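Structural description and commentary
For reference, the chains in residue letters:
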Amino acid sequence: MDVKKTDIKRFITSSDIVFVIPVYQRNYDWKKENCTQLYMDIKTLIGMDKTHFIGTVCYKMDGRYQSVIIDGQQRITSVMLLLKALYDVSDDERLKDKIKNQFLTNPYADGDLKLKLKPIKKDEEVFKKVMNASDAVDEDYFTKEELNSNIYRNYKYFYELITSDIRSGINGQDIEDAVERLEVVEICLTEENPQVIFESLNSTGLGLTNTDLLRNYLLMSMDYKDQEYLYQNYWMQIENLLDSENMELFMVHYLIMKRKSNDISENGKSAKITARNLYYAFKKQFPQIGKGNAKEEVEECFKDMYRYARFYKHFIYDDSINVRNLQPVDKKLYELFFLLAEKNAAILVMYLFDKFDRELIDQDTFIKTIDICISFSFRSKVCNRGGFSPQFAALSVQKLDPQPIDDKFLSRFWSAMTSGRGRYAFPTNSEFKIALVNGNTYQSLRSAGSKYLLYSIEKNMPHSKELPEYKNGTVEHVMPQTLSDSWKKYIAKHGGIEKYEKYTHSLGNLTLTNYNSSLSNKEFDIKKEEYKQSNYAFTKELADVSEWTSEVIVSRGERMADIATQIWIIDEDYDQNPGTEIGVVYDLNADFAAFFGTKPAVVSILGEEHSVTNWSDIVSLVADKFYMLAPDTFRGLINCNDFPGKKKVIDLDDSNMPAAHKIDDNLYISTKYDVVNMLNIVKTIVCYFDKHDDTDFINDVWFTLRKK
């Protein structure tokens, strides 16, 4: 490594050198405020005998004439644009010649060596046009997209600043002289690993996204020619498939799917793979990348990512999609990923898509597995369960992966999907129906989810082919959310306000219309005339209802719930609560008051099950397990004020504890409380870890009750 301090002129004007921005770098993205700061720094040098340091530039030579920029592209590009703006504003031919032939071009070179700077592909064309135009401020010379690029915007901004200053009396030569007195630390790499140097220079975080870092990690160790090849043939293809806004989530889901787990050890602590630690987790999963490996080995990694990106493309939809034109598989994926917005299901569905793509399962089986995913997702939403967490999806892959793909695959898939406990248990028909009939469906599912529910039910009614388009339907409360005086009188006559509050958002009180705003809170008899014209079966039936009572609402909800259980199915072999032989499974989101007078039978902590006889056993076990997991984090609970009654539950001695469990030398936890307080102590410990270490352990503790 060769390190030295130099001014920007000496750095840029090296004979015949072209500064290449490698493909793994992000776009040029300096904003107006960055350009303003650079220009103000330059102006402060005018008339002063001093220099100004603008940062580090790190590069590695690639052959005799190419200098590959590892860090510093934003500053170099901005200085080039400023100098081109000065060139275009100035009428000093001597100054113009100096800028062009020393800073902007290699005067005796041709082709790619002519311009001093070669940006990444997305910026290269507009940069060339700015540099080669005799009057680059002429907007007719550029496309609309080019005019909106940061390259052009910043060039024009510098042009306007310089024009204003020269008109006010500042000399263009003085501006150029000030630019020459900008200083950089020049780092030329020889044998060093560029990735390691890059990470060190960017350790404080300079606005790089996780996908920027991953792209750098994958490409930086390659020769420039190989970087170009891999970028063009894989990375750019993935970006084109998914769009940049979906890249990060794809990488998170891809990594969890490959690992079959979202757990990771980060700095000696348990954590979950998220966007925050994606770069760290990716390096840990693929440590061989980024170490100067052969192009073939890195290319295999790219091939695999590109393959799964092709699957992931089928999970991305927006409002503009014409559902009728979709293939059968894509119609199901549209339902799961767009209508239900079940993003984390991608972890499991990528695994399934792989089997379908390899023809290990046929289309019919693939569609059935997606139907099961849809059923699990929607039932979980209705019953306020956990649904597709990254952990659940990863564990499902883990359960399926080692098993053979044969005629029993669908049965194994059902087994995997119904193996969850607590919040991740697959809701039974009984639980699903009770939640639909008695729950606040509209509040749980909101407008979009309620519309999906009602429209799906309507599709299963006779004459469903006459249904209006999905996008035109709106959810109507038959008994309105806001009561008019006439509705208040009506409700008082038919059961009272307490029933209004109970049933307003229930399934039986919801229906689909195409004219919600016109109905508003009109009286029921007036609404019925509108309902009579509806193409929705359950809506049209309302015209024949004489009075809108709580009994009618419940009865209608039960009919609709019966249809719902046939749409969002559960195999009859799995239609039961897991663990019913020793009692229902509960988690830390349960109503703890319901456990007075009960005894626990089994507790599961972080995937390990233990037989217990008393609630204090659970407190002791949880304390031991979490202390072993991260002692320093656990000791932070000594001063925690979130325990019931803000009491000192964990302390260095047990002298003030009526009953205590010893966790370690000089560390104790009090265990003499009623069941509610003991379970709240357990929940406080788990939530403290989740908040402190960004984990998701709240879903990793569940228990069953002992039969009386």
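Per chain, the residues get numbers from 1 upward, laid out in the order the sequence is written. At least 70 in pLDDT is required for a residue's local features to be given in this predicted model, at least 80 for side-chain atom pairs to be given and counted, and no such filter applies to totals for whole chains, interfaces and linings, which use all residues. Only hydrogens and water are set aside; all other atoms, that is, all heavy atoms of the structure, feed into the side-chain values.

Focus on the packing of aromatic side chains
Side-chain rings of Phe, Tyr and Trp (the six-membered ring for Trp) are treated as a pair once their centres are within 6.5 Å; stacked means planes under 30 degrees apart, edge-to-face means over 60, and tilted covers the remaining angles. Taken as a whole, this structure holds 42 aromatic pairs when the rule is applied. When the centroid spacing of 5.2 Å and the interplanar angle of 20 degrees are considered together, the rings of Tyr334 and Phe338 count as stacked. You can see Tyr334 and its partner Phe338 sitting in helix α15 (residues 328-339), four residues apart, about one turn around the helix. Classification of Tyr334 as buried rests on a relative accessible area of 9%. The cut-offs for exposure are 20% and 50% of the maximum accessible area for each residue type, with area from a 1.4 Å probe on protein chains only; residues under the lower value are buried, those over the upper are exposed, and the others partly exposed. Take Phe338: its relative accessible area is 26%, and that puts it in the partly exposed class. An aromatic cluster is present here, built from Phe250, Tyr254, Tyr308, Phe311, Tyr312, Phe315, Phe337, Phe353, Phe356 and Phe366 joined pairwise through their rings. The ring of Tyr308 carries the charged tip of Arg307 above its face, separated from the ring centre by 5.8 Å. As a reminder, the over-ring test applies to NZ of lysine and CZ of arginine, requiring each to be within 6 Å of the ring centre and within 35 degrees of the ring normal. Lys451 extends its terminal NZ or CZ atom over the ring of Tyr470, reaching a point 4.6 Å from the ring centre. Helix and strand assignments come from DSSP, with helices taken as H or I runs of at least 4 residues and strands as E runs of at least 2, each series counted from the N terminus.

A look at the side chain of Thr565
Tracing the backbone shows Thr565 in helix α27 (residues 550-567). For Thr565, a relative accessible area of 9% gives the class buried. Each polar contact in these results corresponds to two N or O atoms within 3.5 Å; when the atoms are within protein, one needs to be able to donate a hydrogen and the other to accept it, and residues that are neighboring in sequence are counted only if both atoms are side-chain atoms. Separated by 2.7 Å, the side chain of Thr565 and the backbone oxygen of Asp562 make a polar contact. It only takes one pair of heavy atoms within 4.5 Å for two residues to be counted as in contact. Contact partners of Thr565, with chain neighbours within four places excluded, come to Arg379, Asn429, Phe432 and Lys433.

Re the packing of helix α10 (residues 210-219) against helix α11 (residues 224-242)
Two numbers describe how α10 lies on α11: the axes approach to 11 Å, and their chain directions differ by 150 degrees. Our pair here, α10 against α11, has a crossing hand that is right-handed. Residues Thr211, Arg215, Leu218 and Leu219 of α10 pack against Gln227, Leu230, Tyr231, Trp235 and Glu239 of α11. When residues are grouped by polarity, Ala, Val, Leu, Ile, Met, Phe, Trp, Tyr, Cys and Pro land in nonpolar, Asp, Glu, Lys and Arg in charged, and all others, Gly among them, in polar. Counted by class, the contact of α10 with α11 contains five nonpolar, two polar and two charged residues. Axes, fitted as lines to C-alpha atoms, cover a helix only where it is in contact. Angles between the N-to-C directions of the axes lie from 0 to 180 degrees. Should the near helix be turned counterclockwise from the far one by less than a right angle, the crossing is left-handed, whereas a clockwise turn marks it as right-handed.

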